[in-house]
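Residue-level listing of the chains:
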Amino acid sequence: MSVGRMSLPIPLRMLPGEDIHEFKAKAMEILAETGVFYETPEALEALEAYGCTVDHQQRVALFPAEAIEKALATAPKAITLYDREGNPHAFLEGNNVYFDPGSSAVHFLNSDGLAVDSSGEDLANIARLTDALENIALQSTAVVAGEVAKEVGDSYRLYTVLKNSTKPIISGAFTVNGIEDIKELLVAVRGSLEELRAKPLAVMDVCPFSPLRWTNVACKNIMDLARYGIPVEFLPMPMAGASTPVTLAGTVICHVAENLSGLTLAQAVTPGAPVVWGGGPMVFDMRYGTTPMCAMEAMLMATTAAQVGKVLGLPTHTHGCLSDSKVVDVQAGLESAMGALLAGMTGVNVISGPGMLDFVGTQSLEKLVIDNEICGMVLRYLKGIETGEDAMAVDVIKGIGPGGDFLNTAHTRRWFRKEVAIPGLPIDRQDRRAWYEAGSMKALVRANRHVQQILSSHKPRPLDRGVERALDNTMKQVARRHGVTYLPLR
Amino acid sequence: MRDVLRSLKEGVVQGDQERVLKAARTAVERRLDLPLMASQGLGAGMEDVGKRWNRGEMFLPEVMLSAQIFKEAMAILEPAIRAGGKTVGALGDFVIGTVSGDLHDLGKNLVAVMLETTGFRVHDLGRDVSAEDFVNALKNLGGGILGMSALLTTTMIEQKNVIHAIIETGLRAKTRIMVGGAPVSIAWAEEIGADAYAANAHQAVSIAKGLARDMRGGVPR
């Protein structure tokens, strides 16, 4: 046994390899025989030139196996994300796991438990908080800025996060020209498109519209992202029983087919375009018509679909560490923890969810800091047990012998910080008396304190003056182009 | 007659298509009181379905099946009812669709079915409906209730545009407007000058009934 070797938990596999390949084979059968709808004629043309059979009338492309295999062969197997200053920050490959806040909520949960329309200020606070949270490696454009004109909503959210944090960002556009605006903001930070290509700063989500459809916005976004070399994350969000079959396997097959169809379009536009195999499958609640993302069945589908992506060797994403509860309560904690651990154990590279409640509808700062603890626990678990000679500690055990204690040994002092993580304020490990004396604070109260502490003290590394000016000017230009006059620059 | 009525009602609740359609044909053949068959048979069955759904005893796929059977049976009764000089859809016209740019029509479809089975004449314009198409439908009907849904924050704005178009064509006084969809709220409904907001299909039905009463009463806006 070599010194310092980590014994990693084996990545979780829901199914044996043959079954995983079966999902791909069935998805390819659907892609070849039924095909996928693309609303945009240019997307169909690109696919036709790539070897697909296209019915331009119906706007449906059929995929021969060779076209899909060709696309899989050129899709990069790893993506490195760089922070705002250009330092390597996250390596989307293998079993590396990174968390980012759940994205695009329209509500924000105040500390008094009241959900209100989210604003740019809320987004700035989430970004600053996330910048400080050590277990949430990536940013996301977590909430919609309700007070800002919808035409510049996508770019303004990205701008706000870029201004308030150095971490790379998972984002997305909701409009046909959104990627153009977003590219300009990212180039303002990097200096040039070449530099942005070399050092990706943001990943853009694009959602298919289940079953088996890509809207005009999605088609245009994929094509623009592929052209600019900005990583695109495909995000099927099938609803089992409503937009896809109620059986989990049937929904996973649709999910896989949608991912493959997005990936093939990206590679048809630009071979080698960076792509992330993502998704956030949901069940469909037959009582309320809602879309639970944290039902155990949703987690089963999410981890299984991610495994297909992993078998194909692609960087992967899924939802995890989020909850469908409306407030920060027991349900929020248990759903978030289970999802985070399952996705983490599957070795999914990007796990989106911290802070999120209410079917990705509501973000909460208190939940975000509690989830930071969950993510920390998951990451600690994934580090596994160190099994080198010194960690096995046989000599130390022999030296102390029966009946002694280890508190006052050099070995303990050498190791304790590395071996046992000290949680933050939201996790209580005091004895009962000390807990009473400290004010009998429940987790939510401690979480709120933690939020206040961080927001009042944490200063993200400042933007270079010149870059800040370029970023502000670009945002103003984008706003002007869309005829938007009111835009707070924070 | 009582047997037929019971078959219509129970059959709708049980999702027994064969039983309901057979009873509907029998009702037409025997020249029974068809408006009564529609309201106390099929309609009462759907009302029961709605209650059971509310109580968590029936689930959406079962509700959808019942609604489907209701529609098929109504298609059998309706021509005979019309031939007898009576009308169906006593609650009035309801125009519904998802706004331009929005393809998410699952919730809209559910609302449309529930309205239809409650007694509205539903004109489902489908999804991705332009303001012009909404206006034209209302113009042809001479007003009515309009329901618009939007699932995206980027398409919500279209609800406002449709309302503007309705005002410009002078149809506002003859129209009651309801909005819905995940990002939509009461505040948004107020901001854009809609008459009502419904959070789900149940609410949509009860609010629509209220608006229909309001319109029959001729209460001016």
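Nothing here was measured: the structure is a model prediction, and the numbers come from that model.

Calculation rules
- Residues numbered from 1 in each chain as written.
- Chains lettered and ligands numbered in written order.
- Predicted model: local features only at pLDDT ≥ 70, side-chain atom pairs only at ≥ 80, totals over all residues.
- Heavy atoms only, no water.
- Helix = DSSP H or I, 4+ residues; strand = E, 2+ residues; numbered from the N terminus.
- Buried < 20%, exposed > 50% of the residue type's maximum accessible area, 1.4 Å probe, protein only.
- 1 Å grid on protein atoms, 1.4 Å probe; cavity = no way out; pocket = protein on both sides within 12 Å on 5 of 7 lines; lining within 4 Å.
- Points joined across faces, edges and corners; volume = space filled by probe spheres on them.
- Pairing = 2+ DSSP bridges.
- pLDDT = per-residue confidence, 0-100.
- Axes fitted to C-alpha atoms, helices over the stretch in contact; angles between N-to-C directions.
- Contact = heavy atoms within 4.5 Å.
- Buried area = accessible area lost by both parts, 1.4 Å probe.
- Salt bridge = Lys/Arg side-chain N within 4 Å of Asp/Glu carboxyl O.
- Polar contact = N/O pair within 3.5 Å; in protein donor to acceptor, adjacent residues only side chain to side chain.
- Nonpolar A, V, L, I, M, F, W, Y, C, P; charged D, E, K, R; others polar.

K.L.:
Explain the environment of B:N140 to me, using residue names and the numbers behind them.
P.N.:
Residues and elements named next belong to chain B. With respect to the secondary-structure elements, N140 resides in helix α6 (residues 131-141). What makes N140 exposed here is its relative accessible area of 68%. For the pair N140 and A112, spaced 28 residues apart in the sequence, the C-alpha separation amounts to 19 Å.

K.L.:
For the layout of surface pockets, give the residues involved together with the corresponding values.
P.N.:
Residue and element names in this part refer to chain B. One number sums up the size of the second largest pocket: a volume of about 840 Å³. Mapped by element, the contributors of at least two residues to the lining of the second largest pocket are α3 (34-54), α4 (60-83), α5 (106-118), β2 (120-124) and α9 (201-216). Per-element accounting of the lining of the second largest pocket gives the leading share, 11 residues, to α3.

K.L.:
An account of the pairing of strand β12 (residues 202-206) of chain A is needed here, citing residue identities and associated values.
P.N.:
Residues and elements named next belong to chain A. The element β12 is extensively covered by neighbouring structure, given that 5 of its 5 residues are classed as buried. Of the two faces of β12, the one lined by A202, M204 and V206 and the one lined by V203 and D205 are each fully buried. Bridge analysis of β12 against strand β14 (residues 232-234) gives 3 bridges, and the strand direction is parallel. By the bridge assignment, D205 is partnered in β14 with E233.

K.L.:
With reference to specific residues and values, describe the confidence of the model for chain B.
P.N.:
Taken residue by residue, chain B gives an average pLDDT of 90. The fraction at 70 or more is 98%. Note on the complex model: pTM 0.91, ipTM 0.78.

K.L.:
So what's going on with unusual backbone geometry? Residues and values would help.
P.N.:
A cis amide bond, omega -5 degrees, links A:S210 with the succeeding residue A:P211. We note that B:D128 has phi near 60 degrees; this positive angle belongs to a residue other than glycine. Positionally, B:D128 belongs in the loop between β2 and α6. Take B:D128: its relative accessible area is 35%, and that puts it in the partly exposed class.

K.L.:
Quick one: what's the story with the sheet that holds strand β7 (residues 98-100) of chain A, residue by residue and with numbers?
P.N.:
Residues and elements named next belong to chain A. Strand order in the open sheet formed by 3 strands is β7-β19-β18, with parallel pairing between adjacent strands. Each of the sheet's edge strands pairs with one partner strand only, and the pair in question is β7 and β18 (317-319). Neighbour-to-neighbour, the strand axes of this sheet turn through a mean angle of 25 degrees, independent of strand direction. Note: β7 against strand β19 (residues 350-352), 3 bridges, orientation parallel.

K.L.:
Any chance you could break down the interface of chain A and chain B for me, citing the residues and the numbers?
P.N.:
Taken together, the 14 residues of chain A in the interface contact 12 residues of chain B. Here chain A meets chain B over a buried area of about 1,400 Å², counting both sides, of which 75% is carbon and sulfur. Three residues stand out in chain A for area buried against chain B, namely A:K150, A:F209 and A:M286, and they jointly supply 41% of the buried area on that side. Counting every contact that joins chain A to chain B gives 0 salt bridges. Our count for the contact surface shared by chain A and chain B stands at 2 residue pairs in polar contact (both at pLDDT 80 or more). Class assignment of the residues belonging to the side of chain A that touches chain B gives a composition of 7 nonpolar, 3 polar and 4 charged.

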